[in-house]
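Coordinate analysis (summary)
Single-letter residue listing:
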There are 2 protein chains.
Amino acid sequence: MRPKIYLFGDSITEESFGDGGWGASLAHHFSRTVDVVLRGYSGYNTRWPLKVLERVFPGGGVEGGEEEPPLAVTIFFGANDACLPDRCSAFQHVPLDEYKQNLLSIVSFLKKRWPSTHILLITPPPIDEDGRLRFPYIDNPLNQPERTNKAAGAYSEACISVARESGIPVIDLWTKMQQFPDWEKAFLRDGLHLCPRGNRVVFDEVVLKLKGEGLSLETLPVDLPLIADIDTKDPLKAFQM
Amino acid sequence: MRPKIYLFGDSITEESFGDGGWGASLAHHFSRTVDVVLRGYSGYNTRWPLKVLERVFPGGGVEGGEEEPPLAVTIFFGANDACLPDRCSAFQHVPLDEYKQNLLSIVSFLKKRWPSTHILLITPPPIDEDGRLRFPYIDNPLNQPERTNKAAGAYSEACISVARESGIPVIDLWTKMQQFPDWEKAFLRDGLHLCPRGNRVVFDEVVLKLKGEGLSLETLPVDLPLIADIDTKDPLKAFQM
């Protein structure tokens, strides 16, 4: 059986198989080695999936059809938790302390279920408030951004502290992206979601972190012989397995 | 557990999660309903994977970690079988009769393993011989195309007859693509592999055929509540399950 990497998160994960998406790029990168499994839930904060983690990651032993532990799980939440509590997307808001506790609980659930699985946290991206005003998701009578970059930064900090406390790697996307000039328009399509160049940043960072965990094309076994390794004079020899 | 659709085939399947690829587009389309699982093997004809079908689709009951039958499997081989036996890629060639028998055997294996699974055949695409001369994969001292459109057409016919004999649907990609003007350059990047517009044709056809089999966004259950179905005044109500 080919091993799996789960991508668990909100809309930035759910739409990661769109054109130029970081999820599709990962699946392409690992096309002969790993199944990249999409578990993105658009609009979700950390509070909601915490109620149904058993449904997202079914376990229950062999009778329940339990599979091999995945190689890795990416956890990519916070962009919705960080919606401001007094703006138009307040129903998605989760207070900073609760966000941190929820993330800790998700990490702890996965560590308990699959002790050998590499867990990789990803902070929310920075927010381009101008973009958020120009591309509202819902009615915004106040005409004020429902997300701010400052709030996203605070949630990003909390995510990093969860990684530190849990001893797991983290991609500090909030900081990373802001190191590039014109990050607001270069990486973000609507002030929050990624355009192809933004997706590329996430893809590159995930590949790098996975490599840091020992998971790379150099180390993972290939599923069936590569065409370059097949003897053109006796191709079937490669399939005597 | 989310149901699966397997994509089984050669390089046109293996690279289907690249930019604009039909596999990634399927995964995106079904992002909350189905896991699209990549089983593409670059360079493979039908003869080689037939030797290792048990490895591609492991079974073996609950002890072997057997999962629910997949919703569907696409089988997309023939482009390599149709390499001419007297040209530079002869080692990939499989005679027409054997190709047909091999496809029948693959279909029969899947039908036996998973009687309820929808099997969908896809014929090889048409060949742009000019493209094949301009983008050789290996040394081509004769400077003659290793694949011809005529040969691809014969293998496509055989694939269609396998579908008819097996009572399963087929996408006649060879015919379909040639109905468009400039198909040679509009759909094919190197005379064989798909460019984004060619990928779009395959994606559209697969979605259409799956719908014909009753598998569509309208009929498949969604994994966890959609954001649009969550009560903004009491979001957690949607997660009491």
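Residues numbered from 1 in each chain as written. Chains lettered and ligands numbered in written order. Predicted model: local features only at pLDDT ≥ 70, side-chain atom pairs only at ≥ 80, totals over all residues. Heavy atoms only, no water.

Chain A goes by SGNH hydrolase-type esterase domain-containing protein in an unreviewed UniProt entry, where it is assigned to Malus domestica. The record held by UniProt for chain A lists under Sequence similarities (unreviewed entry) the comment "Belongs to the 'GDSL' lipolytic enzyme family." (UniProt positions renumbered as here; feature names shortened; annotations may be inferred.)

Thoughts on the relation of the copies chain B and chain A
Rotating chain B by 180° and translating it 0.0 Å along the rotation axis places it on chain A, where the RMSD comes to 0.0 Å. This pairing of chains is accounted for by a two-fold axis. Here 100% of the interface residues in chain B have copies in chain A that are interface residues too; the copies meet face to matching face. (Least-squares fit on C-alpha atoms with pLDDT ≥ 70 in both. Contact = heavy atoms within 4.5 Å.)

A word on the packing of helix α2 (residues 22-29) of chain B against helix α10 (residues 196-212) of chain B
Residue and element names in this part refer to chain B. For the pair α2 and α10, the least separation of the axes is 8 Å and the interaxial angle reads 45°. Here α2 is positioned oblique relative to α10, judged by the angle of their axes. Once α2 is placed against α10, the crossing between them reads as right-handed. Note on element contacts: α10 touches α2 through Asn199, Val202, Phe203, Val206 and Val207, opposite Trp22, Ser25, Leu26 and His29. Class assignment for the residues of the contact of α2 with α10 results in 6 nonpolar, 3 polar and no charged. (Axes fitted to C-alpha atoms, helices over the stretch in contact; angles between N-to-C directions. Helix = DSSP H or I, 4+ residues; strand = E, 2+ residues; numbered from the N terminus. Parallel < 35°, antiparallel > 145°, perpendicular 65-115°, else oblique. Left-handed = near helix turned anticlockwise from the far one by under 90°. Nonpolar A, V, L, I, M, F, W, Y, C, P; charged D, E, K, R; others polar.)

Details of the sheet that holds strand β4 (residues 118-122) of chain B
Strand pairing in a sheet takes place through backbone hydrogen bonds and is either antiparallel or parallel in direction. Residues and elements named next belong to chain B. Taking strand neighbours across the sheet as the criterion, the 5 strands line up as β2-β1-β3-β4-β5 in an open arrangement whose pairing is parallel. Two strands close off the open sheet at either side, each with one partner strand: β2 (35-40) and β5 (170-171). Bridge count between strand β3 (residues 72-76) and β4: 4 bridges; the pairing is parallel. Bridging across to β4, Val73 finds its partner in Ile119. Here helix α7 (residues 149-166) sits on the sheet and contacts β4 and β5; the angle it forms with β4, its principal contact strand, is near 160°. (Pairing = 2+ DSSP bridges.)

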